Amino acid sequence: MSKQTHSFQAEVKQILHLVTHSLYSNKEIFLRELVSNASDACDKLRFEALDNAGLYEDAPQLEIRVLFDKEARTLTIRDNGIGMSAEEAASHLGTIARSGTREFMAKLEGEQRKDANLIGQFGVGFYSGFIVADRMTVETRRAGLPAEAGVRWSSEGTGEYELEPLTKAGRGTDVILHLREEEAEFLSTWKLKSIISKYSDHLSLPVLMRRETWDAEKSEQVLTEEWETVNKAAAIWARSKSDITDAEYQDFYKQISYDQEAPLAYTHNRVEGRSEYTQLLYIPKKAPYDLWNRDKRGGVKLYVKRVFIMDDAEALMPTYLRFVKGVIDSADLPLNVSRELLQESRDVKAIREGSTKRVLSMLEGLAHSDDAADKDKYLAFWREFGAVLKEGLGEDHANQERLAKLLRFASTHADEGVGLADYVGRMKEGQEAIYYITADTLAAAKSSPQLEVFRKKGIEVLLLSDRVDEWMLSHLYEFDGHSLQSVAKGSVDLGKLQDEEEKQKAEAAAEAFKPVLERLKTVLQARAKDVRVTSRLVDSPACLVVEDGAMSAHLARLLKQAGQ
Ligand code: ADP
Ligand code: MG
């Protein structure tokens, strides 16, 4: 084979035109794309070598090197992965396998910022090199083929590319970018290192660069022949659980959360099956200052095959778990999916459901533990995040039952930490409903005259004073077969809790007071719907109640405050 000139497929030409003419913001992502291609090539080699260890030749250590030459103005991304044959180079770097070019174009037309980030979304990451280079040269040799079977692919990113034979001793690929004059900033160890650590810290492969040293004579940094690893080269979540110490988990948490305190709890799992992903999720000890902002994006970072994709991928966690921090690494999603695509993806839905279950299990582990220390941890969690978790009762119907078991309240029995199951366990003989009262504050709830009869009979009542409680109760009607009943609504039906004698007394009183009630009704006509004799009071002479099914007085007040 001698030097040949080939024409790009029409779609590639269009892409290249766009890439070189309209992508201005986020230029630096070209390095992520090329490093991730290098990493993919190493993954492919590792996979093929499972059946053919000879492919490793004499270099079993897979790695990526990034090197530059200031004088020549070149930047090279080198890997010793699978490499490409001449045919592969022509098809992989000359045509686009995936459809979607048109969507990509349409997307770019609409995009005001002309974000280079879009390019990886459509499986055309390689061409992002042309954002900063006016020529790209690829020198490659497929693993297993002889040194003479190498190939040099070269293009200026216009209509054509050239292919010529090459003798290449080491397997794998060198992607050489001939940088445009105005892109010289990428010829700097510091700049490259910072981009690599931003996007590739958790790649499991080492990325190596030449070490720099200070040359006093020239009075500048010069490159040495020595190589150093510039990424962390260890995705903690990709390692096996048994090899990771608690201290390492905590360090990683601090690194991603910027939280000085250790996390309250964490969970680390690899999920296989229809959707394949790894999750490492943390619950912080303290709520962030902006917890109440429901628009705030969550704290979960998305990686695809250990390549960083985006921070705060809100589609990965339901809103009511927005306090969870951590990493989800998917094996299925395309590299560089956009937020829009995340919202629609079925893989993401599976990830969100699986991760939600994990977080709930983690909380249940604490809440339902026999260990007093765990229970205390759960209460500490509840004080910080309980009100947010309550949002889940309305948001996440599939998990409503599990969430209901995690709720904690104050009651006439204890000032905090009362779970619905505890309550049910303490119910009086014959008691059917779970009773509650809502108020603005715990003190107001506690001193309500509505509670008198319940106190007298020793029936526990939940005291609810969180803003979200009313809303939550509009979604939670019952627990464990017991309906939730407000003590401030209608005629409290104490059912079997009221003995026959009391009932008769009440009926007799109602009869005796009939004339009084009639007069009161006429006087209060405009202000009260009904006036009744009640058995709910013990010490107080009278109290206001709300009709069954009507808005509670507390909710009415809240809505009024909110100007509705
Ligand atoms: P994607 O990575 O999404 O497939 P790219 O445009 O980034 O799209 O790369 C196109 C193809 O070129 C890859 O699928 C791969 O087959 C080939 N390729 C790119 N870089 C390398 C490399 N360093 N080693 C081997 N093959 C590569
Ligand atoms: Mg790629």
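Residues numbered from 1 in each chain as written. Chains lettered and ligands numbered in written order. Predicted model: local features only at pLDDT ≥ 70, side-chain atom pairs only at ≥ 80, totals over all residues.

Looking at an unreviewed UniProt entry, the chain carries the name Chaperone protein HtpG, with the source organism given as Ideonella livida. Turning to the chain, the UniProt annotation filed under Function (unreviewed entry) states: "Molecular chaperone. Has ATPase activity." The Subcellular location (unreviewed entry) field of the UniProt record for the chain holds the comment "Cytoplasm". (UniProt positions renumbered as here; feature names shortened; annotations may be inferred.)

Read from one edge to the other, the open sheet built from five strands follows the order β10-β11-β14-β12-β13, with strand pairing classed as mixed. Either end of the sheet is taken by a strand with one partner, and the two such strands are β10 (265-271) and β13 (307-310). Ignoring which end each strand starts from, the neighbouring axes of this sheet average 20° apart. Taken together, the three bridges between strand β12 (residues 299-304) and β13 define a ladder with antiparallel strand orientation. Note that in β13 the partner of Val304 across the bridge is Val307. (Pairing = 2+ DSSP bridges. Helix = DSSP H or I, 4+ residues; strand = E, 2+ residues; numbered from the N terminus. Axes fitted to C-alpha atoms, helices over the stretch in contact; angles between N-to-C directions.)

The nine strands are arranged β1-β6-β5-β4-β7-β3-β2-β8-β9 in an open sheet whose pairing can be described as mixed. Edge positions in the sheet fall to β1 (4-7) and β9 (220-229), since each has one partner strand and no second. This sheet shows a mean twist of 25° between the axes of neighbouring strands, independent of strand direction. Against the sheet, helix α2 (residues 29-48) engages β2 (64-69), β3 (74-79), β7 (172-179) and β8 (207-215), with an angle of about 20° to β3. Here helix α6 (residues 189-200) sits on the sheet in contact with β2 and β8, set at roughly 150° to β8. (Contact = placed C-beta atoms within 7 Å.)

All right, on to the site of ligand 1 then. Around ligand 1 there are 17 residues in total, and Asn37, Ala41, His92, Gly125 and Phe126 lie nearest to it. Of all the elements, α2 adds the most residues to the shell around ligand 1, at five residues. Across the shell around ligand 1, the residue classes break down as seven nonpolar, seven polar and three charged. (Near = placed C-beta within 6 Å. Nonpolar A, V, L, I, M, F, W, Y, C, P; charged D, E, K, R; others polar.)

Let us look at the environment of Glu11. Residue position: Glu11 is located in helix α1 (residues 10-22). A residue is classified by how many C-beta atoms lie within 10 Å of it, and Glu11, with 18 of them, is partly exposed. (Buried ≥ 20, exposed ≤ 12 C-beta atoms within 10 Å, placed from the backbone.)

This part takes up the packing of α2 against α6. With their axes 10 Å apart at the nearest point, α2 and α6 run at an angle of 60° to one another. One finds that α2 runs oblique with respect to α6. Crossing handedness for the pair α2 and α6: right-handed. Contacts between α2 and α6 involve Leu31, Arg32 and Val35 from the former and Ile195, Ile196, Tyr199 and Ser200 from the latter. When its residues are assigned to classes, the contact of α2 with α6 shows five nonpolar, one polar and one charged. (Parallel < 35°, antiparallel > 145°, perpendicular 65-115°, else oblique. Left-handed = near helix turned anticlockwise from the far one by under 90°.)

In this model helix α9 (residues 346-367) runs 31 Å from its N-terminal to its C-terminal C-alpha over 22 residues, within 8% of the 32 Å that 1.5 Å per residue would give. If you check which residues of α9 are buried, you get Val348, Ile351, Arg352, Ser355, Thr356, Val359, Leu360, Leu363, Leu366 and Ala367. Each buried residue of α9 lies within a common arc of 160° when the element is viewed along its axis, so the set occupies one face. Those residues of α9 that are exposed and angled more than 90 degrees off the buried face are Arg346 and Ser361. The inward-facing, buried residues of α9 contact β10, β11 (277-283), β14 (325-330), α8 (339-344), α10 (372-395) and α11 (400-406). (Expected span 1.5 Å × (residues − 1). Arc of directions from axis to C-beta.)

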